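Coordinate inspection notes
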Amino acid sequence: MYYYTWDYRAPASSIGDLEKAINGEYSAVACYERLAGAAPNEEERTQIMEIRKDEIRHYQTFAGLYTSLTGRQPAPVINEPCPSVYRDGLHFAFKDEQNTVDFYHEAADRASDPAVKQAFLRAAADEQNHAVWFLYFLTKQQARE
């Protein structure tokens with residue numbers, strides 16, 4: 001028989017992982033707005049804004065989980081500056097998305113809370129898709145140069 005207590009406390013690793021994810025998503029939202037503004041055509045601008053919408057959804061999900069587990073609102077910070085040159089921004093975004101996939105899978109493995117685990121796994125799948133888009137745009141940009 002299982003007994004549950006109302007005083008559930010998430011492991012510190014999950015709280016730390018959520019804080020890192022919140023800061024990363026917050027940074028991506030700001031960066032991708034800038035990147036979309038520098039896009040050379042409407043197709044790329046539209047897709048980058050779609051990716052940005054996903055990042056906003058991830059941020060909201062992680063922030064909600066953080067608040068429910070800690071009782072505090074997150075205080076996000078931009079953890080890396082976004083490059084100002086479009087090509088550099090694409091390269092930065094591609095690498096960041098790929099690294100985030102790995103981090104989210106590791107965070108999901110560490111998570112004991114099913115909602116936290118599922119949020120990281122869902123976001124990891126989205127981030128992999130974003131990486132493919134950024135690689136595609138980077139390849140197109142290199143061909144234009």
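Conventions used here
- Residue numbers here run from 1 along each chain, matching the order of that chain's written sequence.
- This being a predicted model, a pLDDT of at least 70 is required before a residue's local features are given, and a value of 80 or more before pairs of side-chain atoms are given or counted; all residues contribute to the totals for chains, interfaces and linings.
- As a convention, hydrogens and water are excluded, and side-chain values are obtained from all of the structure's heavy atoms.
- Only DSSP runs of H or I with at least four residues qualify as helices, and only runs of E with at least two residues qualify as strands; both kinds are numbered from the N terminus onward.
- Only protein chains enter the accessibility calculation, which uses a 1.4 Å probe; a residue is then buried when its area is under 20% of its type maximum, exposed when over 50%, and partly exposed in between.
- For salt bridges, the criterion is a side-chain nitrogen of Lys or Arg within 4 Å of an Asp or Glu carboxyl oxygen.
- UniProt positions are given in the numbering used here, feature names are shortened, and annotations may be inferred rather than shown by experiment.
- In this description, a nonpolar core means a group of buried Ala, Val, Leu, Ile, Met, Phe, Trp, Tyr and Cys residues linked to one another through side-chain atoms lying within 4.5 Å.
- For this analysis, residues touch if any pair of their heavy atoms sits within 4.5 Å.
- Two kinds of site are reported from a 1 Å grid over the protein atoms alone, namely cavities, where a 1.4 Å probe fits but cannot get out, and pockets, open sets with protein on both sides within 12 Å along at least five of seven lines, and residues are called lining when an atom falls within 4 Å of a point.
- Grid points are joined across faces, edges and corners, and a volume is the space filled by probe spheres set on the points.
- In this count, Pro and Cys sit with the nonpolar residues alongside Ala, Val, Leu, Ile, Met, Phe, Trp and Tyr, while Asp, Glu, Lys and Arg are called charged and the others, Gly among them, polar.
- Note on terminology: pairs of cysteine sulfur atoms within 2.5 Å are recorded as disulfides.
- Axis geometry follows a simple rule: fit a line to the C-alpha atoms, using only the stretch in contact for helices, then measure angles between N-to-C directions, giving values from 0 to 180 degrees.
- Here roughly perpendicular refers to angles of 65 to 115 degrees, roughly parallel to angles under 35, roughly antiparallel to angles over 145, and oblique to all remaining angles.
- What makes a crossing left-handed is the near helix being turned counterclockwise from the far one by less than a right angle; a clockwise turn instead makes it right-handed.

Examined against the element boundaries, Tyr-136 turns out to sit in helix α4 (residues 114–144). On the accessibility criterion, Tyr-136 (38% relative accessible area) is partly exposed. Counting along the chain gives 100 residues from Tyr-136 to Ala-36, while the straight-line C-alpha distance between them is 15 Å.

Inspection of every chain in the model, using the stated rule, returns ten salt bridges. Close ionic contact of Arg-122 with Asp-126 constitutes a salt bridge, the shortest N to O distance being 3.3 Å. With Arg-122 and Asp-126 both in helix α4 and four residues apart, the pair spans about one turn of that helix. Among the ionic contacts, a cluster of salt bridges with common partners joins Glu-43, Glu-44, Lys-140 and Arg-144.

Below, the discussion takes up the UniProt feature "domain: Rubrerythrin diiron-binding" (unreviewed entry) in the chain. Taking the UniProt record as the reference, the feature "domain: Rubrerythrin diiron-binding" (unreviewed entry) is found at residues 90–140. End C-alpha to end C-alpha, residues 90–140 measures 11 Å, and it is 94% helix and 0% strand.

In this section: the nonpolar core. Burial of nonpolar side chains together is a common tendency in soluble globular proteins. Judged by nonpolar contacts, the single largest core of 18 residues is most densely connected at Leu-18, Ala-21, Phe-62, Phe-103, Tyr-104, Val-116 and Phe-120. Those elements that place two or more of their residues in this core are α1 (12–38), α2 (42–70), α3 (86–110) and α4. Element by element, the count of residues in this core is highest for α4, at five residues. In this structure Tyr-104 touches Ala-21, Glu-25, Phe-62, Phe-120, Ala-123, Ala-124 and Glu-127, once residues within four positions along its chain are discounted. Grouped together as the second largest cluster of nonpolar side chains are 15 residues, Cys-31, Tyr-32, Leu-35 and Phe-137 included.

This brings us to the layout of surface pockets. By volume, the largest pocket amounts to about 350 Å³. In terms of lining residues, the largest pocket is bounded by 20 residues, among which Gly-24, Asn-79, Glu-80, Asp-96 and Thr-100 are the most central. Of all elements in the fold, only α1 and α3 reach the threshold of two or more residues within the lining of the largest pocket. Partitioned by chemical class, the residues of the lining of the largest pocket number seven nonpolar, five polar and eight charged.

Turning next to the state of the cysteines. The full count for this structure, using the stated rule, is one disulfide. Each sulfur of the disulfide joining Cys-31 and Cys-82 lies 2.1 Å from the other. What sets the handedness of the Cys-31 and Cys-82 disulfide is the S-S torsion sign, and at about 55 degrees it is right-handed. With Cys-31 in helix α1 and Cys-82 in the loop between α2 and α3, the pair connects residues that are 51 residues apart, well separated along the chain. Accessibility classification places Cys-31 together with Cys-82 in one group, the buried group.

Another aspect to go through is the packing of α1 against α3. A pair of packed helices can be characterised by two numbers: the angle between their axes and the separation between those axes. Put simply, α1 and α3 touch, their axes get as near as 11 Å, and they point 160 degrees apart. It follows from the interaxial angle that α1 and α3 lie roughly antiparallel. Of the two possible hands of crossing, α1 and α3 adopt the one that is left-handed. Between α1 and α3, the residues in contact are Ser-13, Asp-17, Lys-20, Ala-21, Glu-25, Cys-31, Tyr-32, Leu-35 and Ala-38 and Tyr-86, Gly-89, Leu-90, Phe-92, Ala-93, Asp-96, Glu-97, Phe-103, Tyr-104, Ala-107 and Arg-110, respectively. The residue makeup of the contact of α1 with α3, split by class, is twelve nonpolar, two polar and six charged.

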